[in-house]
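Residue-level listing of the chains:
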Number of protein chains: 2
Amino acid sequence: MNRSNPAISGRSIGGADFLQLDPAEAPPGGLADWLTDRLRTAISTGHLPVGTRLPATRTLATDLGLSRGVVTESYQRLTEDGHVSTHGRRGTIVVAAPIGAARTTGRSRLRTPLRPPSAPPEEEKPGTTSCRYPDLNDEIFDNLRAAPARIDLTPGVPDLAAFPRSAWLRAERAVLGDLESAEFGYGDPAGTPTLRRAVAAWLAQYRGITADPDDLIIVAGVAQAIGLVAQMLDRHGIHEIAVEDPGSLGSRQHLQNWGMRTPPIPVDDRGLQVDVLRNSGARAVMVTPAHHFPTGVVLDGERRRELIQWAKDGGLVIEDDYDAEHRYDRPPVPALRAMLPDQVIYAGSVSKLLAPALRIGWMLAPPQYKEELIARKRLADLGNAGLPQLTLASLMESGELERQLRFLRRRHRTRRDAMVTAIRNHLPTATIHGAAAGLHLTVTFNDGDDIALAAAALEAGVKTHPLSWHCQLPHAPGLVLGYAARTPTEITEAIATIAKVS
Amino acid sequence: MNRSNPAISGRSIGGADFLQLDPAEAPPGGLADWLTDRLRTAISTGHLPVGTRLPATRTLATDLGLSRGVVTESYQRLTEDGHVSTHGRRGTIVVAAPIGAARTTGRSRLRTPLRPPSAPPEEEKPGTTSCRYPDLNDEIFDNLRAAPARIDLTPGVPDLAAFPRSAWLRAERAVLGDLESAEFGYGDPAGTPTLRRAVAAWLAQYRGITADPDDLIIVAGVAQAIGLVAQMLDRHGIHEIAVEDPGSLGSRQHLQNWGMRTPPIPVDDRGLQVDVLRNSGARAVMVTPAHHFPTGVVLDGERRRELIQWAKDGGLVIEDDYDAEHRYDRPPVPALRAMLPDQVIYAGSVSKLLAPALRIGWMLAPPQYKEELIARKRLADLGNAGLPQLTLASLMESGELERQLRFLRRRHRTRRDAMVTAIRNHLPTATIHGAAAGLHLTVTFNDGDDIALAAAALEAGVKTHPLSWHCQLPHAPGLVLGYAARTPTEITEAIATIAKVS
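What follows deals with the overall build of chain A. Summing up its helical and strand segments, chain A has 16 helices and 16 strands in all. Taken over 502 residues, chain A has a buried fraction of 63%. Long-range contacts, defined as pairs at least 24 residues apart, comprise 76% of the intrachain contacts of chain A with a sequence gap of at least 6. Here chain A displays about 17,900 Å² of accessible surface, and carbon together with sulfur accounts for 50% of that area.

Right, dumping it as structure tokens:
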């Protein structure tokens, strides 16, 4: 690979020079594997940046002297993993770089062996930065929220200005009009039956999950779900929940504050490294398989099969399906829970669909944990508030939430595009990851200190998360940038500001 | 005292025969103490049932050959303790029997020594029943709620049919009209500043508490507050929170499920026996001083001073002010917190003011615990939902909640009166306790098995709580009967049904 000559983004690449591919390198019978791996690496290292159009399958097959089926299969796999997207006559476009490392470093470094959380950080290599944040306490987010800023690119919130205020009020008025007085009393701690039915229908339609409403527990968001699971596992003698690395700092803090150790399992461009998980000896793992936080990687088919096997061998998977409904350029990825109802505790919420301030989420527990989790929820707060549950159920049943999701997708896509364009213009050396879905994307840089950069950006009025917050292992520096809640103009200004201070 | 000749309720009692009082029994200089104690005992044992009009102070003073000031002082003390109420020309009426024991047994038996929860129950004495419930798990309430019944007298809920649906919707529409989009995002885990200000004003006006809004933490009801406190104290090495006995089973279950031992401290007709608390060695106690659950006793002045001293000597008081705004025939009792801001964690909610299903409450922590409790709340669920907080604040600020409280008081008083009348008619041997305030009253019987009685009542379509659920020490059998949520007709029918199966 000619590292000095990265592919030019924004236009089609083709011909025999394409990535200097040489089919002679492929092992016998492994042409599709080889081609997929080479393309994935090129996307990962930034040689094929987000937005690049790949050669047509017929063209590339001809150029490489391969059967067209090999190329089609390879593109298909990349599509399933969320790295490229096929748009009819517009061709096949790179939509998400898997997080790997900075461009100059290649992906092999990411395969860091599991390091227990108490061990000293590995020696830093050039172009990487180890996990650093001021202090492992929750106040980091409170402090950031309290900090004044002109433009808030904090990841994890949808377009809040799009909250369907009128529809919510209409639904609530209808609910209040019909409500029996007893519904104002103490309710079922697992949630109102009406909402549990509506969520079951939603999960079947959007997440491929067939669930009995009786198996659903309504909770105050995924944060509470994590707490309930940690409390329960602690009583079962499990004091360690492995986490993805990179992986959400917020989730990690929650687990640690409930007394759990959180050994990091590296995530590469195909998702969680299940072999490392297996070797770690952890009995439970928390994952974001449909859209990894913060890098946007989709757990690929093979890793998914490995993880399923690990679970069947006795592991417990906690699936945080935090924003899977938001996708722009890729097919939906079904939830792990759909395939593994007995080994997956599934958690989701309306925080990314409507608003975090609603504090409504749900969890689906394997049968053996259900009663215990309901008892924990009862103990936590006697159950979620009744009226908002019924109002949400009404929005789900009337199709209003679906309309909202479609509306948000269009709006978020425009904002995502604005951010990608702004990054190309103002931060041309940055690599973009995870732009095909979700509410945020991640950029990585060749070098630098992302905590200093985020601090400088905040000083200049722009809130972001440094990637370092979300990792325990050495990693390329980067920023996690939410685009969903800001207008294209704000986004462009924010990225220009970051470029100015970087 | 002539036990075979109880005072006839419903009309004035007077003359020299009144309770066969003999001032010669009084110790020198202790006339007012003596008279107060004799009257309290007569109320406690049912010789002066709820509803009885006491002799006019002038009449009694003349009959007993005492100065009128002695009688006035005695009536005043009983008024402050919530046992009698003065209604101008209607005279002084007995409004609440302190829980003591069954009529036939006198009050001394209540002074049971502290028994650790693990010790075997004391041998039962005739006319008492020890603490028994099927199993100490939370499902007892879920099961009761799920059981079908024609008339639900479960204590702890206000008139749910009176929920101000239109006012709530109006307030929410106004809130939604003005709301900044950012308010739909993740909020301050301690609660929205607007609601904290409104609650601070409410507490100043109704509970005599001067609080900085910054010291308030909005929680999902008192149950959550208890959990947060237990989690915190556990980390401080405190694994035991003494509780009142009788005392709320729900609170006790919560504490125990969070790993706390709950040694019982007996409550007599003057409230918590603080000397027993002191001897128990417990470092924290949970109390309902303004209106004891379930007996309605008000912690009297002397006990209050003793408890304050115990707290000043290093004890921590958790004050559950669960229904103090609801009072009918007695002056308001200020919260303990008002006198002891540094040693009292105060908790209250709108469950009894509006609806339990709102899941909104508040706590006031001493300065040294504040940050830790906020961190625990953040960890629990990242904070209460935003929109209902703002809607409630609007109802508080507009005076709507005050109007609702006034409306509820009138409505509840009628229902309380209906229940007292029905009990007189259908259960003439029962003693009524705690009818001067709150949403429920307690009746005790001379003998019998209250769990069997509650089961028979449920079978016949009436839900109640057996008093045994709410005690750990031997006690008179009884029922805790909520009246606030039912119409007078339902109440009369329910009491008649209980009489039929008893």
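With that settled, consider the domain arrangement of chain A. Residues and elements named next belong to chain A. Assigned domains within chain A: domain 1 (18-94), domain 2 (140-162 + 402-501) and domain 3 (166-401). With centres defined by C-alpha atoms, the gap from domain 1 to domain 2 works out at 29 Å. Taken together, the contact between domain 1 and domain 2 spans five residues of the former and five residues of the latter. One can count zero salt bridges joining domain 1 with domain 2. Taken together, the residues of the side of domain 1 that touches domain 2 sort by class into one nonpolar, four polar and no charged.

What follows covers the packing of helix H5 (residues 165-178) of chain A against helix H5 (residues 165-178) of chain B. One can describe the packing of H5(A) onto H5(B) by two numbers: an axis separation of 11 Å at closest approach and a directional angle of 175°. Here H5(A) lies roughly antiparallel to H5(B), going by the angle between them. Across the interface between the two elements, Arg165(A), Trp168(A), Leu169(A), Glu172(A), Arg173(A) and Leu176(A) from H5(A) touch Arg165(B), Trp168(B), Leu169(B), Glu172(B), Arg173(B), Leu176(B) and Gly177(B) from H5(B).

Chain A puts 53 residues into the contact, and the matching count from chain B is 54 residues. Buried area between chain A and chain B, both sides added, is near 4,500 Å², and the carbon and sulfur share of it is 58%. Between the two partners, chain A and chain B, sit zero salt bridges. On the surface where chain A and chain B come into contact, there are 18 residue pairs in polar contact (both at pLDDT 80 or more). Counting residues per element, the ones that place at least two in the side of chain A that touches chain B are helix H4 (139-146), H5, helix H7 (222-235), helix H8 (249-257), helix H12 (367-381) and helix H13 (386-397) of chain A. At six residues, the largest contribution of residues to the side of chain A that touches chain B is made by H5(A). Among the residues making up the side of chain A that touches chain B, the classes are represented as 25 nonpolar, 12 polar and 16 charged.

The next subject is the relation of the copies chain A and chain B. Placing chain A over chain B gives an RMSD of 0.1 Å and needs a rotation angle of 180°, together with 0.0 Å of translation along the axis. The superposition of one copy onto the other is thereby described by a two-fold rotation axis. The share of interface residues of chain A whose copies in chain B are also at the interface is 100%, consistent with both copies meeting through the same surface.

A separate point is empty space enclosed by the protein. Evaluated as defined, the whole model comprises 11 cavities of 30 Å³ or more. A volume near 200 Å³ is recorded for the largest cavity. Together, 19 residues line the largest cavity, and Arg359(A), Asn384(A), Ala385(A), Arg359(B) and Ala385(B) are the ones closest to its centre. Residues that form the lining of the largest cavity fall into these classes: 10 nonpolar, four polar and five charged.

All names here are of chain A. With an omega of 0°, the peptide bond running from Asp 245 to Pro 246 counts as cis. Turning to its location among the elements, Pro 246 is positioned in the loop between strand E5 (242-245) and H8. The omega torsion of the bond from Phe 293 to Pro 294 falls at 0°, within 30 degrees of zero and hence cis. With respect to the element layout, Pro 294 can be found in the loop between strand E8 (284-287) and helix H10 (301-312). Here Arg 359, not a glycine, exhibits a phi torsion of approximately 50°, which is positive. Its place among the elements puts Arg 359 in the loop between strand E10 (344-349) and strand E11 (361-364). Of note in this structure, Leu 382 is not a glycine but carries a positive phi near 65°. One can find Leu 382 in the loop between H12 and H13.

We now examine the sheet that holds strand E15 (residues 465-466) of chain B. Residues and elements named next belong to chain B. With antiparallel pairing, four strands are arranged side by side in an open sheet as E12-E13-E16-E15. At either margin of the open sheet sits one strand with a lone partner, and together these are strand E12 (431-433) and E15. Looking at chain direction, E15 and strand E16 (residues 478-482) are connected through two bridges and run antiparallel. Opposite Pro 466, over in E16, you have Leu 479 as the bridge partner.

Okay, the packing of H7(A) against H8(A) next. Residues and elements named next belong to chain A. It is at 9 Å that the axes of H7 and H8 come closest, and there the two elements cross at 35°. Relative to H8, H7 is oriented so that their crossing is right-handed. Taken together, the residues of H8 that come into contact with H7 (itself represented by Ala 223, Ile 226 and Ala 230) are Ser 251, His 254 and Leu 255. The residue inventory of the contact of H7 with H8, partitioned by class, reads four nonpolar, two polar and no charged.

Take the environment of Pro266(A) next. By secondary structure assignment, the location of Pro266(A) is in strand E6 (residues 264-268). Sequence separation between Pro266(A) and Val276(A) is 10 residues, and the spatial gap between their C-alpha atoms is 7.6 Å.

What follows covers the nonpolar core. Leu272(A), Leu307(A), Trp362(A), Leu307(B) and Trp362(B) are the most contacted members of the largest nonpolar core, which has 116 residues in total. With residues near it in sequence (within four places) discarded, Leu272(A) still touches Glu244(A), Ile265(A), Pro266(A), Val267(A), Leu277(A), Val285(A), Val287(A), Leu299(A), Arg303(A) and Leu307(A). Of all hydrophobic cores here, the second largest spans 60 residues; its members include Leu233(A), Val219(B), Ala225(B) and Ala284(B).

Time to look at the packing of aromatic side chains. Given two aromatic rings, one states the distance between the centres and the angle between the planes to describe the pair. The tally for this structure, following the rule as stated, stands at eight aromatic pairs over all chains. Here Phe293(A) and Tyr322(A) contribute two aromatic rings whose centre-to-centre distance is 5.8 Å and whose plane-to-plane angle is 80°, an arrangement assigned as edge-to-face. Here Phe293(A) is found in the loop between E8 and H10, whereas its partner Tyr322(A) is found in the loop between strand E9 (316-320) and helix H11 (336-339), with 29 residues between them in sequence. Classification of Tyr322(A) as buried rests on a relative accessible area of 10%. Through successive ring pairs, a cluster of aromatic residues spans Phe163(A), Trp168(A) and Phe184(B).

The rules behind these values
- Residues numbered from 1 in each chain as written.
- Chains lettered and ligands numbered in written order.
- Predicted model: local features only at pLDDT ≥ 70, side-chain atom pairs only at ≥ 80, totals over all residues.
- Heavy atoms only, no water.
- Helix = DSSP H or I, 4+ residues; strand = E, 2+ residues; numbered from the N terminus.
- Buried < 20%, exposed > 50% of the residue type's maximum accessible area, 1.4 Å probe, protein only.
- Contact = heavy atoms within 4.5 Å.
- Areas by Shrake-Rupley, 256 points an atom, 1.4 Å probe, with all protein chains shown as cover.
- Domains from an automatic or database assignment.
- Salt bridge = Lys/Arg side-chain N within 4 Å of Asp/Glu carboxyl O.
- Nonpolar A, V, L, I, M, F, W, Y, C, P; charged D, E, K, R; others polar.
- Axes fitted to C-alpha atoms, helices over the stretch in contact; angles between N-to-C directions.
- Parallel < 35°, antiparallel > 145°, perpendicular 65-115°, else oblique.
- Buried area = accessible area lost by both parts, 1.4 Å probe.
- Polar contact = N/O pair within 3.5 Å; in protein donor to acceptor, adjacent residues only side chain to side chain.
- Least-squares fit on C-alpha atoms with pLDDT ≥ 70 in both.
- 1 Å grid on protein atoms, 1.4 Å probe; cavity = no way out; pocket = protein on both sides within 12 Å on 5 of 7 lines; lining within 4 Å.
- Points joined across faces, edges and corners; volume = space filled by probe spheres on them.
- Pairing = 2+ DSSP bridges.
- Left-handed = near helix turned anticlockwise from the far one by under 90°.
- Core = buried A, V, L, I, M, F, W, Y, C linked by side-chain atoms within 4.5 Å.
- Phe/Tyr/Trp six-rings, centres within 6.5 Å; stacked < 30°, edge-to-face > 60°.

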